[in-house]
Amino acid sequence: MVDVAANVIEIIAKKLPPDKRNIQMTDRLDEIGIDSFGAVEMIFDLEEKFDIQIPYNANDARMEFETVGEVVNAIKKHIGQR
Amino acid sequence: MAHRVVVTGWGVLSSIGHTAETYWSSLARGVCGIAPATLVPTDQLAQKVVAEVKDYDPNKHFEQRQLPPLDRVSQFAVVAAREAIAQSGLSFDGGLAERTATIIGCGGGGQSTQDDNYKRLYGENAKRLHPLVIPKQMVNAPASQISMMCGLRGPAFVVASACASSTHAIGLAFQMVRSGSVPVAVTGGAESCIAFGVMKGWEALRVLASDTCRPFSRDRKGLVIAEGAAVVVLETLEHARARSAEILGEIVGFGMSADAADLLSPDAGGMQRAIEAALSDGALAASDIQYVNAHGTGTAANDQTETQALKRTFGPDAAKLALSSNKSMIGHALGAAGALELVATLMSVREGLAPPTINYLGPDPACDLDCVPNEARPMRIDAALSNSFAFGGLNAVLAVRRFQ
């Protein structure tokens, strides 16, 4: 079974400076430095990695994912791994 | 010596009108040009709506033999320029052609040509491409084609600054005419970007609306890609008066700035500096302005940031401003947007009517200025601004005055 959490953390960590890469599942994306367009890039990387489509519009005020753990859970849902 | 710079001709090709006159009548009535795309297949597009120049027939404007080197973007530019020049009544003989500038804004050049050729090469394994691919797609083609087809031999070039391209172009033309460097300029912008590869690129950026464009409204979902062209003829006041030309309006100021911040997220400070530069260049106080033709893309970030920038610049007077976004009707024509919107701004001043921001569902607390929701408003406008703010943080603002 794919280790979704490890893959998600690796994808997010690449977007952060080396000293900020110790990411926890409870970390909020905006607080660790992923802004709205950082999120767009992250979603592209996740779609490529897991061969899925994630509906996401940068204009939605409601962020579907706020924490690293929520991203992991959303990906698991998309690939049918609960 | 600084010359006054007046507008004596305008030409428009848009999703809501193929001439300046029909464009204005549609703006005033709040006609929406946004609809499902017909130029590209939509089955693989997540957002299927665009604002196309509908029922455009190249054969009405060009002979068959003229068409091979003309991408749709250059055709649009030439059609709008011909209309503007015809309206101005100018003839370019007697040495005027050599002293007339042609400065056009364009974001991406012949994007359909580029897309078609990549498809042929990589998708269909073509062995060769049409010999005119390069001159047809080059970003300067719209200015080159206007200069050749209209016989304009003075300074000519294209300005590319994404969504601010044609505001930068008109601003430079304004400065050249004001300084006396040329007595006449043909200036504006053109864009034709509704090609499959381009649309997929926009889709990837996750900023497109799937329904329609709702600037400053609650539940706005983003921008809608559009195409079109608008061109104006600028002249020194002396030159226009000497030939008894009808004067349509006056441009008085131009301001520019760069955010030097984020590639995509707009910056209220950068917008404010461009707005203040345009006011100062036009010797206008903030309180002189009654109407702002907003950049108003319909994205969450732009509309909120533009609201902040206007409030910072205008202070308590911001509450008295009327601002509206033409993009609610014509979508975002990128490199042509600034020119289409400057023409609308000049017409608003002349006609005493602020066009509406249509598709408005209700207030967003982050966009709490008066955006003339859904219905045009008759009002006296003595001076107005036209805002353009590009990806890459490049801002350009023009100031216009009622001619008197």
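Re the state of the cysteines
All names here are of chain B. With the rule as written, the count across this model stands at 0 disulfides over all chains. There is no disulfide at cysteine 367, and the cysteine sulfur nearest it, in cysteine 371, is 8.2 Å away. The exposure class assigned to cysteine 367 is buried, which follows from its relative accessible area of 4%. We classify cysteine 371 as buried; its relative accessible area is 2%.

Focus: the packing of helix α1 (residues 20–29) of chain B against helix α12 (residues 337–351) of chain B
Residue and element names in this part refer to chain B. In contact at an axis separation of 11 Å, α1 and α12 are set at 70° when each is read in the N-to-C sense. The orientation of α1 relative to α12 falls into the category roughly perpendicular. Counting all contacts with α1, which are made through Ala20, Tyr23, Trp24 and Leu27, the residues of α12 involved are Leu340, Glu341, Val343, Ala344, Met347, Ser348 and Glu351. Residues that form the contact of α1 with α12 fall into these classes: 8 nonpolar, 1 polar and 2 charged.

Some words on the environment of A:Val71
Residues and elements named next belong to chain A. Its place among the elements puts valine 71 in helix α4 (residues 68–78). Between the alpha carbons of valine 71 and leucine 46 there is a distance of 9.6 Å; along the sequence they are 25 residues apart. In this structure, valine 71 is in contact with Val8, Leu29, Met42, Leu46 and Phe65, ignoring residues within four places of it in sequence.

Focus: the confidence of the model for chain A
For chain A, per-residue confidence averages 87 on the pLDDT scale, and residues scoring 70 or more make up 95% of the total. Per-element averaging of pLDDT across chain A places helix α3 (residues 36–50) of chain A at the bottom with 89 and helix α1 (residues 4–13) of chain A at the top with 93.

Brief notes about the pairing of strand β13 (residues 383–390) of chain B
Residues and elements named next belong to chain B. Of all 8 residues making up β13, 8 are buried, and the element is well covered by its neighbours. The side-chain alternation of β13 yields two buried faces, one formed by Ala383, Leu385, Asn387 and Phe389 and the other by Ala384, Ser386, Ser388 and Ala390. The sheet contact formed by strand β9 (residues 291–293) and β13 spans 3 bridges and is parallel. Bridge pairing in β13 places tyrosine 291 opposite alanine 384. Note that β13 and strand β14 (residues 394–401) share 8 bridges and pair antiparallel. Among the inter-strand pairings, alanine 384 is bridged to a residue of β14, identified as valine 400.

Some thoughts on the sheet that holds strand β5 (residues 156–159) of chain B
All names here are of chain B. Spatial ordering of the open sheet is given by β5-β4-β6-β7-β1-β8-β14-β13-β9-β10, a layout of 10 strands whose pairing is mixed. Where the open sheet ends on each side, the last strands, each with one partner, are β5 and β10 (322–324). Along the sheet, successive strands turn relative to each other by an average axial angle of 25°, direction set aside. Pairing between strand β6 (residues 184–191) and strand β7 (residues 228–236): 8 bridges, direction antiparallel.

A short note on the interface of chain B and chain A
Counting from both sides, the interface comprises 13 residues of chain B and, opposite them, 12 residues of chain A. Remark: the boundary between chain B and chain A carries 1 salt bridge. Close ionic contact of B:Arg206 with A:Glu47 constitutes a salt bridge, the shortest N to O distance being 2.8 Å. Here the side of chain B that touches chain A is composed, by residue class, of 6 nonpolar, 3 polar and 4 charged.

Observations concerning the nonpolar core
The nonpolar side chains of a soluble globular protein tend to be buried with one another. Ranked by size, the top nonpolar core spans 104 residues in total, and within it A:Ile12, B:Tyr23 and B:Leu234 carry the most contacts. Every residue in contact with A:Ile12, bar those within four places of it in the chain, is listed here: A:Ile23, A:Leu29, A:Ile32, A:Ile34, A:Met42 and A:Val68.

Section: unusual backbone geometry
All names here are of chain B. Positive phi outside glycine occurs at aspartate 55, with the angle close to 55°. Along the chain, the position of aspartate 55 falls in the loop between β3 (49–50) and α2 (72–88). Classification of aspartate 55 by relative accessible area gives exposed; the value is 74%. Positioned with a positive phi, serine 244 is a non-glycine residue whose angle comes to about 55°. Within the secondary structure, serine 244 sits in the loop between α8 (237–242) and β8 (249–258).

Section: the pattern of salt bridges
Per the stated rule, a full pass over the model turns up 25 salt bridges over all chains. The salt bridge involving B:Asp219 is made with B:Arg218; its shortest N-O contact spans 3.1 Å. Bridged by salt links that share partners, the residues A:Arg28, A:Asp30, A:Glu31 and A:Glu66 form one connected network.

Here is what the cut-offs are and how they apply
Residues take numbers from 1 onward in each chain, read along the sequence in its written order. Think of it this way: whatever chain is written first is A, whatever ligand is written first is 1, and the rest follow in order. Side-chain atom pairs in this predicted model are given and counted only at pLDDT of 80 or more, local residue features only at pLDDT of at least 70, and totals for whole chains, interfaces and linings cover all residues. Side-chain measures here rest on the full set of heavy atoms in the structure, leaving out hydrogens and waters. Defined by distance alone, a disulfide is two cysteine sulfur atoms within 2.5 Å. The buried label applies to any residue whose accessible area, calculated with a 1.4 Å probe on protein chains only, is under 20% of its type's maximum; exposed applies above 50%, and partly exposed to all values in between. Axes here mean lines fitted to C-alpha atoms, for a helix over just the part in contact, with angles spanning 0 to 180 degrees between N-to-C directions. Secondary structure is summarised from DSSP: a helix means a run of H or I of at least four residues, a strand means a run of E of at least two, and numbering begins at the N terminus for each. When describing relative orientation, an angle under 35 degrees is termed roughly parallel and one over 145 degrees roughly antiparallel, while 65 to 115 degrees is termed roughly perpendicular and anything else oblique. Any pair of residues with heavy atoms lying within 4.5 Å of one another is described as a contacting pair. Residues are grouped as follows: Ala, Val, Leu, Ile, Met, Phe, Trp, Tyr, Cys and Pro are nonpolar; Asp, Glu, Lys and Arg are charged; every other residue, Gly included, is polar. pLDDT measures the predictor's confidence residue by residue and takes values from 0 up to 100. The criterion for strand pairing is that DSSP finds at least two bridges linking the strands in question. Put simply, a salt bridge is a Lys or Arg side-chain nitrogen that is within 4 Å of an Asp or Glu carboxyl oxygen. For this analysis, a nonpolar core means a set of buried residues of the types Ala, Val, Leu, Ile, Met, Phe, Trp, Tyr and Cys, connected via side-chain atoms within 4.5 Å.

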